[in-house]
Amino acid sequence: MPSVPVQDPAGERANTSPCAGIVGAGIAGLSAAIALRRAGWDVEIFERSQFKNEIGAAISLPSNAARVLDHWQFDLQKAAPVPNQSVRLVSADQLTTISQEDYPDIAAQLGHACWSFHRVDLHRGLRDLATDPAVQDDTFGCPVEVRLGCEAVGVDCNLGKIQLADGRAVVKDLVVIADGAHSRLVGNLIGHEPQLQVAGRSIYRWLVPMSDVLAHAEARKLYVDELPGFLNLQDPAKGVFWISYTCRGGDILNNAVVHRTQAGEGDQDLWHSPVSKEQVLSMLDNFHPSAKSIVNMASEDGIKAHHLFTRPPLASFVRGRAVVVGDAAHAMLPTHAAGGAIAVESAATLEVLFKGVDGTDEAVVSQRLQLFDKLRIPRCNLTMLVSNAGPQALDNPSVIKEVRRFYSGPLPEQGSQPWGAQFRELLFHHDEYRAAELALAQAPLLENGGAKVESCAIVG
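Residues numbered from 1 in each chain as written. Predicted model: local features only at pLDDT ≥ 70, side-chain atom pairs only at ≥ 80, totals over all residues. Heavy atoms only, no water.

Caption draft 1: Up close: the overall build of the protein chain. Along its length, the protein chain carries 14 helices and 22 strands. A globule of 460 residues ought to have a C-alpha radius of gyration of about 23 Å, and the protein chain, at 22 Å, matches this closely. Along the three orthogonal principal directions, the C-alpha set of the protein chain runs to about 65 × 45 × 40 Å. Put simply, the protein chain has 460 residues, and 55% of those count as buried. For the protein chain, the share of sequence-separated contacts (at least 6 apart) that also reach a separation of at least 24 residues comes to 73%. Positive and negative side-chain charges of the protein chain, numbering 40 and 53 respectively, have mean locations separated by a distance of 2 Å. (Helix = DSSP H or I, 4+ residues; strand = E, 2+ residues; numbered from the N terminus. Rg over C-alpha atoms; globule rule 2.2 N^0.38 Å. Buried < 20%, exposed > 50% of the residue type's maximum accessible area, 1.4 Å probe, protein only. Contact = heavy atoms within 4.5 Å. Lys, Arg positive; Asp, Glu negative; His and termini not counted. Charge placed at Lys NZ, Arg CZ, Asp CG, Glu CD.)

Caption draft 2: A look at the sheet that holds strand β14 (residues 174-177). Pairing within the open sheet is mixed, and its 6 strands lie in the order β10-β4-β3-β14-β22-β21. The open sheet terminates on both sides in strands that have one partner only, identified here as β10 (145-148) and β21 (318-319). Pairing analysis gives 4 bridges linking strand β4 (residues 42-47) to β10, with the strands arranged parallel. Opposite Phe46, over in β10, you have Arg147 as the bridge partner. (Pairing = 2+ DSSP bridges.)

Caption draft 3: Representation of the packing of aromatic side chains. Applying the stated rule across the entire model yields 8 aromatic pairs. Between Trp206 and Trp242, the ring centres sit 5.4 Å apart and the planes meet at 55°, which makes this aromatic pair tilted. Of the two residues, Trp206 is situated in strand β15 (residues 197-209) and Trp242 in strand β17 (residues 240-247); the sequence distance between them amounts to 36 residues. Accessibility assignment for this pair places Trp206 and Trp242 in one class, buried. Three or more aromatic residues joined by ring pairs form one cluster here, namely Tyr103, Phe230, Tyr245, Trp419 and Phe428. The side chain of Arg424 reaches across the aromatic face of Tyr103, ending 4.2 Å from its centre. (Phe/Tyr/Trp six-rings, centres within 6.5 Å; stacked < 30°, edge-to-face > 60°. Lys NZ or Arg CZ within 6 Å of the ring centre and 35° of its normal.)

Caption draft 4: Local environment of empty space enclosed by the protein. As enumerated under the stated definition, the model contains 1 cavity of 30 Å³ or more in all. Considering the residues around the largest cavity, the lining is formed by Ile34, Arg38, Trp72, Leu129, Val135 and Phe140. (1 Å grid on protein atoms, 1.4 Å probe; cavity = no way out; pocket = protein on both sides within 12 Å on 5 of 7 lines; lining within 4 Å. Points joined across faces, edges and corners; volume = space filled by probe spheres on them.)

Caption draft 5: Focus on the state of the cysteines. Within the structure shown, the criterion is met by 0 disulfides. The thiol of Cys19 is unpaired, and the distance to the nearest cysteine sulfur, on Cys142, comes to 11 Å. Judged by its relative accessible area of 0%, Cys19 is buried. Cysteine Cys157 is unpaired, with the sulfur of Cys19 as its nearest cysteine sulfur at 16 Å. (Disulfide = S-S within 2.5 Å.)

Caption draft 6: Representation of the nonpolar core. Ranked by size, the top nonpolar core spans 109 residues in total, and within it Leu36, Trp72 and Phe354 carry the most contacts. Contacts of Leu36, omitting those with residues within four sequence positions, involve Ala20, Ile22, Trp41, Val43, Leu174, Val176, Leu350 and Phe354. Core analysis: the next-biggest nonpolar cluster, separate from the first, contains 28 residues, Trp206, Trp242, Phe287 and Ile294 among them. (Core = buried A, V, L, I, M, F, W, Y, C linked by side-chain atoms within 4.5 Å.)

Caption draft 7: Geometry of the environment of His71. Looking at the secondary structure, you find His71 in helix α2 (residues 63-71). Put simply, His71 and Tyr433 are 362 residues apart on the chain and 9.5 Å apart in space, counted from C-alpha to C-alpha. When sequence neighbours within four positions are dropped, the list of residues in contact with His71 reads Arg38, Glu351 and Tyr433. Side chain to side chain, His71 and Arg38 meet in a polar contact 3.4 Å long. (Polar contact = N/O pair within 3.5 Å; in protein donor to acceptor, adjacent residues only side chain to side chain.)

Quick look at the structure:
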């Protein structure tokens, strides 16, 4: 199918380079846009929001994603992430250390650092890489066009057509669906409405200035003289764990209290709903007073409830000229803090597979997408399944059986903890550029130079 001159929201434009349309300008969508721009494609993003209320929370990007950011020359100095070099498990009531692992040399062990970002800082850095005309070389596509307030309501995957809410449609050589866990479009790819399931767990999220924490005589003891990383305060009686870590150069403390969803926590269809300090403190009634003091440091409207959802694993991420990435493809719980990193990995796959590809060649595009499936279905579904099954995932034979439907490689031993050495090796010591380049090199070639993939489908 040839590239079609189409009317886009800015007016008429004839597509002379391979062109991609991405639905969603979150971390997954922007990462895909950067990757495809670097691969020589002209990219347009359709984002229904106006970015007026960017989510104020932190996000971890371990070494597997940091490798990709380094390859893109992401501006770490401007974004000011904090290295993650430790994980501590502490009792909620007495604040006694249950376990602790420091890994100050993790960058040397895994090849790249593990970073904790303020989500807004990461998002802005990715958007700069996607749209800045100065980020350019002779092989790049044009700066990415981000269409804010431009909602996509449907995708014809076989035609590469994106239907917009205002009645217009655009036709692209490649469509990337990246509209999040509550994706409205993934059903167009998989052929039925996605089975999004309420996890029964939610997260209270808030940020506080680290200066306020350090000024508190008791709360500061949780953080001083410790390497930066995850602090996990655990209350097994109520099934509550409170993860905190610093971001934005160490100036901000991110807090996430994972708990059983309570009545009155707002609209569960929303990504985040406001909750009161009193509601949070009632959940933390077994916690030490010095920990609870950090709740009172939040601004009056600064605590949100983020409701968690899961979805059965997809058997394929591709159809026709379309591919789904990020939370739209694999909604996962934050057990391993791996969701964002896996989305960035998938962008690296797109960069390798679609570099120099003629977007008008339907056979080549189709076969590169099949190769994407072959590479990403095992990695993404493995990570999603062990994340959604919780910290003791591999102690459950049914979880292992489900993982083995998609992934045949080594697994950590039973009892291995999230972010422990074995899970860090499995999930974060991974070079997706190398994996994709190797897979592409080993694939037979079509006469026109495209990689031929004889059988890449993963049967559910």
